[in-house]
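Given next are the chains, with one letter for each unit.
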Amino acid sequence: MNISGVGIWSAPLRYGDQGEAADAAAECEELGYSALWIPDVGGPVFDAVGNLLAATRNTVIATGILNLWMHTPADVAASFAALAAKHGDRFLMGIGVSHAPLIDAGDPGRYRRPLRAMSTFLDGLDAAEKPVPVQSRVLAALGPKMLRLAADRSRGAHPYLTTPEHTRYAREQLGTGPLLAPEQTAILCADREQARAIGTGWLKTYLGLPNYANNLLRSGFSEDDIAQVSDRLFDAIIAWRSPQDVVARIAEHRDAGADHVCVQLLDENPNAFPREQWRQLAAALG
């Protein structure tokens, strides 16, 4: 499984029309994207993974991330084995602990000791009848303890909603060997007001989750930056303007130690497949 270059992170590939998702995935492969990443906030995630695997030949399909509270290790391992048997070694399982407000909303008090929950989940994957290989999984990791667990018990880390400065920090924590595959959000728009109209509400949704807010505070942003979604914070998290500006931000992550960067391109319609933007970025990447 080759995880290098640039990939695409996309919610529509997971939750949009699956026929269009398959067609879009095939085009992304032709455009040269090495991996396609999809989220998991409920529903048949493995069906979506299988749909994308079937639509491509060489592209890695990755979860960014599989929500461990919504699955059992035994079921996950069985689904992984079935997909691997059918499609080969192209499914990279990103696993994450999600966020307390989301998990506790339906079951108050369920979200606790996330580091231990992750370790226990990995124990279950290792103990399954057909274990999920260590090299076929990565962890959503922001802080030092989860990053170290990612280095010790998976192929590496998939940080989300971060900056090149965090990528440098994550590389220091992981060491030289493990995979580091950060997500980078982008908007192809030259006007700040328009970019703000597309990205501010999207960003506020994530800033209300403590794991992300706390990581940004550790990264040097202030509570006012987070509460107001300051220009400083917006520009640090979201690469906007031209495709060349996004390519420059990708290069910053690579210079900071990333092995692979997956780009999430936002559109005015959050449910649309931003296929024209994917084409423009691919052309700029050369």
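Computed from a prediction, not measured in an experiment: that's the story for all the values here.

Asks: Sorry, what's going on with helix 7 (residues 144-153) here?
Replies: One turn of an α-helix holds 3.6 residues; hence residues three or four places apart share an orientation. When helix 7 is considered as a whole, its buried residues turn out to be M146, L147, L149, A150 and R153. Angularly, the buried residues of helix 7 cover 160° about the axis, an arc narrow enough to put them on a single face. Among the exposed residues of helix 7, those pointing more than 90 degrees away from its buried face are K145 and D152.

Asks: Would you mind showing me how to read the pairing of strand 2 (residues 35-38) here?
Replies: Walk down a regular strand and you will see the side chains alternate between the two sheet faces. Side chains A35 and W37 of strand 2 all project onto a buried face; the interleaved residues L36 and I38 project onto the opposite face, where all are buried too. Pairing between strand 1 (residues 6-9) and strand 2: two bridges, direction parallel. Across the sheet, residue I8 finds its bridge partner in strand 2, namely L36. As judged from the four bridges shared by strand 2 and strand 3 (residues 60-63), these two strands associate in the parallel manner. Looking at the pairing, I38 lines up with T63 of strand 3. In this region the chain leaves strand 2, passes through helix 3 (residues 45-55) and returns to the parallel neighbour strand 3; the handedness of that crossover is right-handed.

Asks: Hey, could you run me through helix 10 (residues 210-218) in this one?
Replies: The set of residues buried in helix 10 consists of Y212, A213, N215 and L216. The buried side chains of helix 10 occupy one side of the element, clustering within an arc of 160° when seen end-on. For helix 10, the secondary structure elements touched by its buried residues are helix 8 (164-174), helix 9 (192-207), helix 11 (223-228) and helix 12 (231-237). Following helix 10 by one or two positions, G220 adopts a phi angle in the positive range, close to 105°.

Asks: Whenever I open this one, the side chain of T200 confuses me. Can you help?
Replies: If you trace the backbone, T200 turns up in helix 9. Looking at T200, its side chain comes within polar contact range of the main-chain oxygen of R196, at 2.9 Å. What T200 contacts, discounting residues up to four positions off in sequence, is V229 and F234.

Asks: Quick question: what am I supposed to make of the packing of aromatic side chains here?
Replies: Here the distance between the centres and the angle between the planes together describe a pair of aromatic rings. With the rule as written, the count across this model stands at eight aromatic pairs. Where F46 meets F91, the ring centres are 6.2 Å apart and the plane angle is 80°; that geometry is what we call edge-to-face. Of the two residues, F46 sits in helix 3 while F91 sits in strand 5 (residues 91-96), which places them 45 residues apart along the sequence. In terms of burial, F46 and F91 fall into one category: buried. An aromatic cluster of three or more residues is present, and its members are W9, Y160, W202, Y206 and Y212. For R241, the ring lying beneath its charged end belongs to W240, and the centroid distance is 3.9 Å.

Asks: Would you explain the packing of helix 7 against helix 8 in this entry?
Replies: The relative placement of two packed helices comes down to the angle between their axes together with the axis-to-axis distance. It is the contact of helix 7 with helix 8, at a shortest axis distance of 9 Å, that shows an interaxial angle of 55°. Relative to helix 8, the element helix 7 is oriented oblique. Our pair here, helix 7 against helix 8, has a crossing hand that is right-handed. Along its contact with helix 7, which presents P144, L147, R148, A150 and A151, the element helix 8 presents Y169, A170, Q173 and L174.

Thresholds, definitions, all that
Residues numbered from 1 in each chain as written. Predicted model: local features only at pLDDT ≥ 70, side-chain atom pairs only at ≥ 80, totals over all residues. Heavy atoms only, no water. Buried < 20%, exposed > 50% of the residue type's maximum accessible area, 1.4 Å probe, protein only. Helix = DSSP H or I, 4+ residues; strand = E, 2+ residues; numbered from the N terminus. Arc of directions from axis to C-beta. Pairing = 2+ DSSP bridges. Right-handed = clockwise from strand over helix to strand, strands pointing away. Contact = heavy atoms within 4.5 Å. Polar contact = N/O pair within 3.5 Å; in protein donor to acceptor, adjacent residues only side chain to side chain. Phe/Tyr/Trp six-rings, centres within 6.5 Å; stacked < 30°, edge-to-face > 60°. Lys NZ or Arg CZ within 6 Å of the ring centre and 35° of its normal. Axes fitted to C-alpha atoms, helices over the stretch in contact; angles between N-to-C directions. Parallel < 35°, antiparallel > 145°, perpendicular 65-115°, else oblique. Left-handed = near helix turned anticlockwise from the far one by under 90°.

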